[in-house]
Amino acid sequence: MTATFGWLRKQLAGIVALVLILGLFLVARLPSVSAAEQDSMASKFHFTPMTIALPAAKKSQSIRTVNKQYKDIAAWISSVGAAIALNDISGSGKADDLCLVDPRSDQVVITPAPDSGPRYAPFALDPAPALPTWDYMAPMGCVPGDFNEDGRTDVLAYYWGRTPVLFLQKATATKFDASAFQPTELVPGDHRGPDGKYSGPMWNTDSVTTGDFDGDGHTDIFVGNYFPDSKVLDPNADGGITMNQSMSHAKNSGAKYIFRWTGATAGANPSARYADASQGIPESARSGWTLASSATDVDGDSLPELYIANDFGHDHMLYNKSTPGHVNFGEVTGVRGVTDPKSKVLGNDSFKGMGVDFGDLNHDGLYDLFVSNITTSWGIEESNFQFMNTAKNAEDLRKQLHDGVAPFHDDSAENGTAWSGWGWDVKIEDFNNSGENQIAQATGFVKGQVNRWPNLQELATANDGLLSNPFWWPNARAGDDIAGDQTLHFFAKSADGRYTDLAPQLGLAVPVPTRGIAVGDTDGDGLPEFAVARQWEEPIFYHNDSPNPGKYLQLKLTTDAPVAPGPLPAAGPPAIGAQATVTTSDGKKYLGRVDGSSGEAGRRSFDVQIGLGQDVEGPLDVHLQWRDRSGQLRTQDLKLQPGCHSYQLGTTAKEAM
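Cut-offs and rules
- Residues numbered from 1 in each chain as written.
- Predicted model: local features only at pLDDT ≥ 70, side-chain atom pairs only at ≥ 80, totals over all residues.
- Heavy atoms only, no water.
- Buried < 20%, exposed > 50% of the residue type's maximum accessible area, 1.4 Å probe, protein only.
- Helix = DSSP H or I, 4+ residues; strand = E, 2+ residues; numbered from the N terminus.
- Arc of directions from axis to C-beta.
- Contact = heavy atoms within 4.5 Å.
- Polar contact = N/O pair within 3.5 Å; in protein donor to acceptor, adjacent residues only side chain to side chain.
- Pairing = 2+ DSSP bridges.
- Axes fitted to C-alpha atoms, helices over the stretch in contact; angles between N-to-C directions.
- Domains from an automatic or database assignment.
- Buried area = accessible area lost by both parts, 1.4 Å probe.
- Salt bridge = Lys/Arg side-chain N within 4 Å of Asp/Glu carboxyl O.

1. Comments concerning helix H5 (residues 394-402)
Turning to H5, its buried residues are Asp396, Leu397 and Leu401. Buried residues along H5 cover an arc of 130° about the axis, so they all sit on one side. Opposite the packed face of H5, turned more than 90 degrees from it, sit the exposed residues Glu395, Lys399 and His402. Residues of H5 that are buried in the fold lie against strand E16 (316-320), strand E17 (329-332) and strand E20 (385-389). By the N-cap criterion, in which a side-chain oxygen at the helix start approaches the backbone nitrogen of a residue two or three places on, H5 is capped by Asn393, the distance to Glu395 being 3.2 Å. Phi turns positive one or two residues past the end of H5, at Gly404, with a value near 90°.

2. Observations concerning helix H3 (residues 35-42)
Taken residue by residue, H3 has Gln38, Met41 and Ala42 as its buried positions. End-on view of H3: buried residues confined to an arc of 95°, all on one side of the axis. Among the structural elements, strand E26 (489-493), strand E27 (499-501) and helix H9 (503-506) are those in contact with the buried residues of H3.

3. Observations concerning the sheet that holds strand E9 (residues 181-185)
Sheets are built from strands that pair by backbone hydrogen bonding, the pairs being arranged parallel or antiparallel. Strands sit in the order E6-E7-E8-E9 across an open sheet of 4 strands; the sheet is antiparallel. A single partner strand is all that each edge strand has here, and the edge strands are strand E6 (138-145) and E9. The mean angle between the axes of side-by-side strands here comes to 25°, regardless of whether they run parallel or antiparallel. In this sheet, strand E7 (residues 154-160) lies alongside E6 in antiparallel orientation, the contact comprising 7 bridges. Paired with Gly141 across the two strands is Tyr158, which belongs to E7.

4. Quick notes on the domain arrangement of the protein chain
Annotation of the protein chain at the domain level lists domain 1 (49-193 + 201-210 + 222-230 + 250-537) and domain 2 (551-655). Taken residue by residue, the interface counts 77 residues in domain 1 and 47 residues in domain 2. Buried area between domain 1 and domain 2, summed over both chains or domains, comes out near 4,400 Å², and the portion from carbon and sulfur atoms is 45%. Three residues, Arg152, His363 and Tyr367, lead the burial of domain 1 against domain 2; their summed loss comes to 13% of the area buried on that side. For the interface between domain 1 and domain 2, the tally reads 4 salt bridges. Between Glu429 and Arg604 there is a salt bridge, with its nearest N and O atoms 3.3 Å apart. Here domain 1 is connected to domain 2 by 42 residue pairs in polar contact (both at pLDDT 80 or more). Going through the elements one at a time, strand E2 (83-87), E6, strand E10 (205-211), strand E14 (289-296), strand E18 (355-359), strand E22 (423-429) and strand E28 (514-520) are the ones with two or more residues in the side of domain 1 that touches domain 2.

5. A short note on the pattern of salt bridges
Evaluated as defined, the whole model comprises 28 salt bridges. Arg286 serves as the salt-bridge partner of Glu283, at 3.2 Å between the closest nitrogen and oxygen. Take Arg286: its relative accessible area is 31%, and that puts it in the partly exposed class. One continuous salt-bridge network, built from bridges that share partners, spans Asp357, Glu429, Arg593, Asp595 and Arg604.

6. Let's talk about the sheet that holds strand E29 (residues 529-534)
Pairing is antiparallel across the open sheet formed by 4 strands, whose spatial order is E1-E30-E29-E28. Whereas interior strands pair on both sides, the edge strands pair on one side only; in this sheet they are strand E1 (47-51) and E28. Each adjacent strand pair in this sheet contributes to an overall mean axis angle of 25°, direction not counted. For E1 and strand E30 (residues 540-544), the ladder comprises 5 bridges, and the chain directions are antiparallel. By the bridge assignment for E30, Pro49 is matched with Tyr542.

This is the structure we're talking about:
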């Protein structure tokens, strides 16, 4: 007996390893959904692809110019820049306007949703000549918002090679075109050099999100930069650049900023003023190659938490401890269980955070979140994160966050969402109002003819000391391919609770690299449409024709601040961060929020969209929570029938006429 115990003790490490391997194998081999069930699930959805109208382009390209030291990896450097948003920009009363960035032309475009008719001619927003530009800058994304609080929807555009620009809509405009917007610097200062060209900070921004971070009743802006300040796209420059210093812990990145709203004016010459409040970001979270972000009130105090998704290293979830006029975040991290790999613990991951969105995936009234990573079999197979909220209730969640603990556990493997491809933007949404959220995800990297996966795999095993120098990176030039045939994914929940990808059955599995997913109800029928930004390909719009949809609650929530009068209609000032909770008779909870722009390169509209399923009867118990313009926390309980409702939020919620 003693000899047997001694043998077992010596073999314990090997036994544990075999158990773990067997466990991982069983997780990976969980029963899949049958083809018949997939067809049945897919029959509940239908999307019609439509072409998006674009203005005439001043140029056409299929790869970017780059710094001379990046010339052998020009395709890699050219792999981002396609972005898209859906919102009510024109004041039509519907989220039927698109703001998109097309890397083929390097234009920031405003255009009608294809199902809304030719209501106006598509046009491009250009900072010049009002603001300085230069030859080697490029837009990377656009974020709609009312940045000067006049009730008209503006656009924030962010760039590589320049600080962001606010395009503020003029209240006096008589025609909805480029002349209706005034370019305004987000970062104060005179950025025009002696030659008239841009000479300000050389930011390379890949993520922006908005929220009332300090709880003063006004919307603030987070800016996450990717490359450190440098001339990334200048083919005349030779050096002064870097790559990520590590595959898993890179910190030699561009900076992170928070701009706190301090004032604005409306009229013919609108303005918006912001103060740098970046000191509110913890030191540990100020570095990292940021690709995506989300400002979402996780614990229900109407102060949004900030999730920063970083490439090549740790993501950061920041708990909001701010007070009016003073931004203050603390970092929270997950707790590692005995069977949890370190990289699947929130805040300790070493993966490639490429997209993020929040949503309640199990109707417990608490936000879960989904993070995209690189998950390509026989390529780089990390894992997406489906972080499920494990707190008992909102009070328990708040206590744990206060103590520095993020009570989230990655259940992606068990739920069938762990592996998809080279992931990018992600949106959690109920597209057929079934009462269960789906997860739409963009994937794919560089499309070409020469497979460069073997070279990239070699890089992944290289010494971190080599990585910051682009010389050691494998070639990625025009014509090279890395995950170029990957497609959109559309994860839907099956009867057993696991998710399956229905994109092939729905005609969404087009082998083109995709980047951003924009979501909004463009035609007012209660079904959300979505549009997709594709890298180096034309964007696409999908009209939602899903048969037999469930009931829904759609809320258009604006503040009660006055709208600046003018000839053109206005959407009204969105109540960014306002939350709605629907509780049904069987105890299920459904969450919705006015999203300030969660994601990587795609933005959902400001409408709160909650699918309820076929069997829900009204009136619905709806709990609203928001901060008014004075920063006071407000709540109100309503009884609402399913359908669309508009409310102005001030000291109370008043139905808008």
